[in-house]
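# Secondary and tertiary structure notes
If you want the building blocks of each chain, they are given just below.
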Amino acid sequence: MFIEERHQAILNWLAEKGSITTQDIQTNFGVSYHSAKRDLRILQEKGALRRTHGGALAIKQAAETRPSNMTIRDFTHVRDNYLAISKKAVSMIKDNDVIYIPSATVGLFMAQNIPDNLTIRVATNSIILAEELRKKENISVIMLGGEMDTKGNCYDAIAIETIQKFYFDKCFITSACISPTFGLSMQRTQAISFWNALINNSKMTIGLYPKEKIGSRSIVSVCSCTRLNTLITDWDVFEDDISQFRDQGITVIIADNPQHNS
């Protein structure tokens, strides 16, 4: 098969299925991994697809992964990548660490997956996470208290004052969106001082961002993405987004696709 024929076959595949992996190209067209990557790079340069970490999406499919409504609060239709990111985050925790876990879906998954043989102290501003964490005898829970909002989270001056009394080994954070140019962003201004206090009092700041949150902007910027030491995302993140974060000195870690490990 000539390269032009293979490229057309790849585009036909995308038109039918919406996405393709480098493994699909290797298996179905009998080419090497590097040839598969080169095919996708050439087709992206022609504007025919959008490359991801593990393959590519059709242009229409790629556009649909960008949230157009900046008030989106919860990507409840996605769970496998959130769980994979959470497990990758947990793997970075060391014995005796003092850490912060965010009051978000990825934070809840982290709390549920901390192994019993890991002795740590965990700070949280979420009564829901605190309830989950207190079930584990190996975890000492630090409650960043104050006046709770309707979701059981504290972001006020009392919570910030409590943060400033601690120094965290690792701070795991997330927000509505992250952009290489606009940074971390969210809908509410009330939590900005809270997040910056956490970052200021942490040795290492680790962003937890599924592909749905990357490359877009919410209403207000929290801080520059360069405040992150590490960004953990998933296998479908766009390659050009990864490159822009790495160019700014941020370590990008890709969580494994559980379907490829089964």
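Let us look at the structure shown here. (Residues numbered from 1 in each chain as written. Predicted model: local features only at pLDDT ≥ 70, side-chain atom pairs only at ≥ 80, totals over all residues. Heavy atoms only, no water.)

### Structural notes on the sheet that holds strand 3 (residues 55–58)
Reading across from one edge, 1-3-2 is the order of the three strands in this open sheet, with antiparallel pairing throughout. At either margin of the open sheet sits one strand with a lone partner, and together these are strand 1 (19–21) and strand 2 (49–51). Averaged over all neighbouring strand pairs, the angle between strand axes comes to 20°, with direction disregarded. As paired strands, strand 1 and strand 3 are joined by three bridges and run antiparallel to one another. Looking at the pairing, Thr21 lines up with Gly55 of strand 3. Contacts from helix 1 (residues 3–17) reach strand 1, strand 2 and strand 3, with the element oriented near 130° to strand 1. Sitting on the sheet, helix 3 (residues 33–45) is in contact with strand 1, strand 2 and strand 3, with an inclination near 130° to strand 2. (Pairing = 2+ DSSP bridges. Helix = DSSP H or I, 4+ residues; strand = E, 2+ residues; numbered from the N terminus. Axes fitted to C-alpha atoms, helices over the stretch in contact; angles between N-to-C directions. Contact = heavy atoms within 4.5 Å.)

### Observations concerning the environment of Glu4
Structurally, Glu4 can be placed in helix 1. Separated by 99 residues in sequence, Glu4 and Ser103 have C-alpha atoms that sit 49 Å apart.

### Topic: unusual backbone geometry
Unlike most non-glycine residues, Asn96 shows phi in positive territory, near 75°. Along the chain, Asn96 falls in the loop between helix 5 (80–90) and strand 4 (98–100). A relative accessible area of 57% places Asn96 in the exposed class. (Buried < 20%, exposed > 50% of the residue type's maximum accessible area, 1.4 Å probe, protein only.)

### Concerning the pairing of strand 7 (residues 168–173)
Most of strand 7 is tucked away: five of the six residues are buried. In the sheet, strand 4 pairs with strand 7 via two bridges, with the strands oriented parallel. In the sheet register, Tyr100 faces strand 7, and the bridge partner there is Cys171. Bridge count between strand 7 and strand 10 (residues 202–208): five bridges; the pairing is parallel. What sits directly across from Cys171, in strand 10, is Thr205.

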